[in-house]
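Commentary on secondary and tertiary structure
If you want the building blocks of each chain, they are given just below.
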Amino acid sequence: MTDTIFALATPPGRGAVAVIRLSGPGVDPALTALGAGLPQARMATLRTLSLDDVILDQALILRFPGPASYTGEDVAELQLHGGRAVVESVSRALLALGLRPAEPGEFTRRAFENGRMDLAQAEAVADLVDAETVAQAGQALGQLGGALSRAYAGFRRDLLQALSLIEAEIDFPDEEVPDGLARTAGPLLDDLIADLESALADAARGERVRDGYRIVLIGETNAGKSALFNALVAREAAIVTPIAGTTRDVLDAELVIGGYAVILSDTAGLRPSDDPIEAEGVRRARLRALDADLRLWVLAPGDEEGEAGALAQAGDLRVFSKADLGSVPAGDPDGGIAISTLTGEGLEALQARIAERVSRDLSGGDFPAVTRERHRLRLTEALHATRDARSALDVGPETAADDLRRAASALARVTGAVDVEDVLGEVFASFCIGK
């Protein structure tokens, strides 16, 4: 990379301050050409920027010589006054000096390519920028700090240790190595398989913190789902009428409950219909209910279980609506809650139950090893390859080694940290072969 890039690092539009970030070998020449000289590294310095005798702005300049910078290259930040004209004039000046606008994510990509962070940490940067809840920010900060990478480093360490045992028997048959050395990798692979299985079992937690916990209202027509939806989102988001079948499509709203992002969905009443539009709405309601993390099964007085009962799963919440009309069950073995959107009865209790459930499902003592679908797919691939290697140990070490290389390749696509040279290093360090 020989080109130098720049980009606005603050939101576009009018503001008190606008920050333009530069990275590349041309940073120092650009600062000099703008009249800023070479300010002391990591020291905010006030300079008047100009080009061709035209004053552009008075700005604070921060200079970060590489490799001890965000991207690993020479980096500078120009803290300008936030007017659009100032930003545009400085941007034109940088273009005239031969710098080019950065592509999306290019600063972080350069940081990865220069070894300043791994792939998982690079993804955390994007997640942190997009974070809208405390939980999302906390998870992204943990991942940026290396928590996810350390989890994969543990998988990597066990994988390399097992692979080194197998490679030792394959590559050095005439050396003084114990007989059946490859088979001693069996217990290591058993432990690794258990760890990978545990990480995958916990996969939904990290993804839900990042993408949002999905709650879906289900029930018959006129059960009170849309009224409850409006009460939970605290606005008139859904149309509420006494006409059965008013809701025809899935209506989503984003909430923050207990510091976690939640996607709440109102759906069409579940009933057979000859109306093709309503039938499509019911089909979408079924699909959304099956994909939900939690279903709120809304029952009005006199409602039968119907199709909603078939869609409900263990742990879902029953909500007995229209409590102001009476005929609400006196007790419910599943811990159902009676509510009235007209009087407000039971709404606080329901919200507390929802918050308790969301917190229970998404909180945990260990940092999740999966925060994206990409991680889950690669972990699944690594698990299958490791299982194949375990089965192949009794057939031949060559086959098992090939399977473990596949597992290593899968893990490498998450963090970029597994390399064949690491395997060689583990072999020589462990067995002193070739002395």
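Criteria and thresholds
- In every chain, residue numbers begin from 1 and rise along the written sequence.
- Since the coordinates come from a predicted model, pLDDT governs what is reported: local features require at least 70, and pairs of side-chain atoms require 80 or more to be given and counted, while whole-chain, interface and lining totals use all residues.
- Only hydrogens and water are set aside when side-chain values are computed; all heavy atoms of the structure are taken into account.
- Lines are fitted to the C-alpha atoms to define the axes, a helix being fitted only along its stretch in contact, and any angle between axes, read from their N-to-C directions, falls within 0 to 180 degrees.
- Counting from the N terminus, the helices are the DSSP runs of H or I reaching at least four residues and the strands are the DSSP runs of E reaching at least two.
- The scheme is simple: roughly parallel for angles under 35 degrees, roughly antiparallel for over 145, roughly perpendicular for 65 to 115, oblique for anything else.
- Left-handed describes a crossing whose near helix is turned anticlockwise from the far helix through less than a right angle; right-handed describes the clockwise counterpart.
- Contacts were defined at the residue level, with two residues in contact if any of their heavy atoms lie within 4.5 Å.
- Salt bridges are defined by distance alone: a side-chain nitrogen of Lys or Arg within 4 Å of a carboxyl oxygen of Asp or Glu.
- For this analysis, a nonpolar core means a set of buried residues of the types Ala, Val, Leu, Ile, Met, Phe, Trp, Tyr and Cys, connected via side-chain atoms within 4.5 Å.
- Three exposure classes are used, based on accessible area relative to the maximum for each residue type with a 1.4 Å probe and protein chains only: buried under 20%, partly exposed in between, and exposed over 50%.
- Only rings of Phe, Tyr and Trp enter the pairing, Trp through its six-membered ring, and a pair is recorded when the two centres are within 6.5 Å. The plane angle decides the type: under 30 degrees is stacked, over 60 is edge-to-face, the rest tilted.
- A positively charged side chain is recorded as over a ring if its NZ (Lys) or CZ (Arg) lies within 6 Å of the ring centre. The angle to the ring normal must also be within 35 degrees.
- Residue polarity is assigned by list, with Asp, Glu, Lys and Arg as charged and Ala, Val, Leu, Ile, Met, Phe, Trp, Tyr, Cys and Pro as nonpolar; anything else, Gly included, falls into the polar class.
- A pair of strands is labelled paired if DSSP reports no fewer than 2 bridges between them.
- The predictor rates its confidence in each residue with pLDDT, a number between 0 and 100.
- Counted as a polar contact is a pair of N or O atoms within 3.5 Å, where, for protein atoms, one must be capable of donating a hydrogen and the other of accepting one, and residues adjacent in sequence contribute only when both atoms are in side chains.
- One less than the residue count of a helix, multiplied by 1.5 Å, gives the span that helix is expected to have.

1. Observations regarding the packing of helix H4 (residues 119-130) against helix H5 (residues 134-144)
If you want to describe how two helices pack, look at the angle between their axes and the distance between the axes. Packing of H4 against H5 leaves a shortest axis separation of 8 Å and a crossing angle of 155 degrees. It follows that H4 is roughly antiparallel to H5 by the angle criterion. Between H4 and H5 lies a crossing of left-handed hand. Where H4 abuts H5, its residues Ala120, Gln121, Glu123, Ala124, Val125, Asp127 and Leu128 lie against Ala137, Ala140, Leu141, Gln143 and Leu144.

2. Details of the pattern of salt bridges
Overall, the coordinates contain 33 salt bridges when judged by the stated rule. In this structure, the salt-bridge partner of aspartate 403 is arginine 406, at a minimum N-O distance of 3.0 Å. Separated by three residues within a single helix, aspartate 403 and arginine 406 lie in helix H14 (residues 397-415), roughly one turn from each other. Within the structure, one salt-bridge network assembled from shared partners comprises Glu123, Asp127, Arg210, Asp211, Arg372 and Arg374.

3. Observations concerning the nonpolar core
Grouped together as the largest cluster of nonpolar side chains are 34 residues, with contacts concentrated most on Tyr152, Phe155, Leu159, Ile166, Leu379, Leu404 and Leu411. Counting only elements with at least two residues in this core, the list comes to helix H6 (147-171), helix H7 (186-201), helix H13 (373-392) and H14. Not counting residues within four places of it along the chain, the set of residues in contact with leucine 159 comprises Leu192, Leu404, Ala407, Ala408 and Leu411. Formed by 29 residues, the second largest nonpolar core is a distinct cluster that contains Ala223, Leu296, Val298 and Leu347.

4. A closer look at the packing of aromatic side chains
As enumerated under the stated definition, the model contains one aromatic pair in all. Arranged with centres 5.7 Å apart and planes meeting at 80 degrees, the rings of tyrosine 152 and phenylalanine 155 form a pair that is edge-to-face. Taken together, the positions of tyrosine 152 and phenylalanine 155, both in helix H6 and three residues apart, correspond to about one turn of that helix. Assigned by exposure class, tyrosine 152 and phenylalanine 155 land together as buried. The ring of tyrosine 70 has arginine 21 sitting right over it, with the charged end atom 5.3 Å from the ring centre.

5. As for the packing of H13 against H14
Orientation of H13 relative to H14, taken along the N-to-C sense of each, is 165 degrees, at an axis distance of 8 Å. As judged from the angle between their axes, H13 and H14 are roughly antiparallel. Between H13 and H14 lies a crossing whose hand is left-handed. Together, Arg374, His375, Arg378, Leu379, Glu381, Ala382, Ala385, Thr386, Asp388, Ala389 and Ala392 of H13 and Thr399, Ala400, Asp403, Leu404, Arg406, Ala407, Ala410, Leu411, Arg413 and Val414 of H14 make up the contact between the two elements. Grouping the amino acids of the contact of H13 with H14 by side-chain chemistry returns eleven nonpolar, three polar and seven charged.

6. Concerning the environment of leucine 8
With respect to the helices and strands, the residue leucine 8 is situated in strand E1 (residues 5-8). A sequence separation of twelve residues divides leucine 8 from isoleucine 20, and the C-alpha atoms of the two residues are 4.4 Å apart. Apart from the residues lying within four places of it in its own chain, the contact partners of leucine 8 are Ala18, Val19, Ile20 and Val87.

7. Thoughts on the pairing of strand E3 (residues 45-51)
Summarising the sheet, E3 and strand E4 (residues 54-64) pair through seven bridges and their orientation is antiparallel. Bridging across to E4, leucine 51 finds its partner in valine 54. Connecting the antiparallel pair E3 and E4 is a turn made up of two residues, with aspartate 52 showing a positive phi of about 55 degrees.

8. Some words on the confidence of the model for the chain
Considering every residue of the chain, the mean pLDDT works out to 84; 88% of them sit at 70 or more. Per-residue pLDDT stays below 50 along residues 420-435; that stretch engages in 25 contacts with residues further than four places along the chain or on separate chains.

9. Topic: the sheet that holds strand E5 (residues 75-81)
Hydrogen bonds along the backbone pair up the strands of a sheet, which may run parallel or antiparallel. Spatially, six strands are ordered E3-E4-E5-E2-E1-E6 in an open sheet, and the strand pairing comes out mixed. Two strands close off the open sheet at either side, each with one partner strand: E3 and strand E6 (100-101).

10. Concerning the side chain of glutamate 123
In this structure, glutamate 123 sits in helix H4. A polar atom in the side chain of glutamate 123 sits 2.7 Å from the side chain of arginine 374. Each residue touching glutamate 123, except ones within four places of it in the same chain, is listed here: Gln143, Arg372, Arg374 and His375.

11. What about the pairing of strand E8 (residues 251-257)?
Direction of pairing for E8 relative to strand E9 (residues 260-266): antiparallel, over a ladder of seven bridges. Across the sheet, valine 256 pairs through a bridge with alanine 261, a residue of E9. Connecting E8 to the next strand, E9, in antiparallel fashion are two residues, including glycine 258 with a positive phi near 60 degrees.

12. Remarks on helix H2 (residues 84-96)
The first and last C-alpha atoms of H2 sit 18 Å apart over 13 residues, in line with the 18 Å expected at 1.5 Å per residue. Here H2 has its buried residues at Val86, Val87, Ser89, Val90, Ser91, Ala93 and Leu94. In this structure, the buried side of H2 is in contact with E1, strand E2 (17-23), E3, E4 and E5. Glycine 98 lies just past H2 and shows a positive phi near 95 degrees.

13. Focus: the sheet that holds E9
With mixed pairing, the six strands of this open sheet are ordered in space as E8-E9-E7-E10-E11-E12. Because the sheet does not close on itself, it has two edges, and the strands there are E8 and strand E12 (337-338).

14. Remarks on the side chain of threonine 267
Residue placement: threonine 267 occurs in the loop between E9 and helix H10 (276-290). For threonine 267, a relative accessible area of 1% corresponds to the buried category. Once residues lying within four places of it in the same chain are set aside, the contact partners of threonine 267 are Val216, Leu217, Ile218, Lys225, Thr247, Asp249, Val250 and Ala285.

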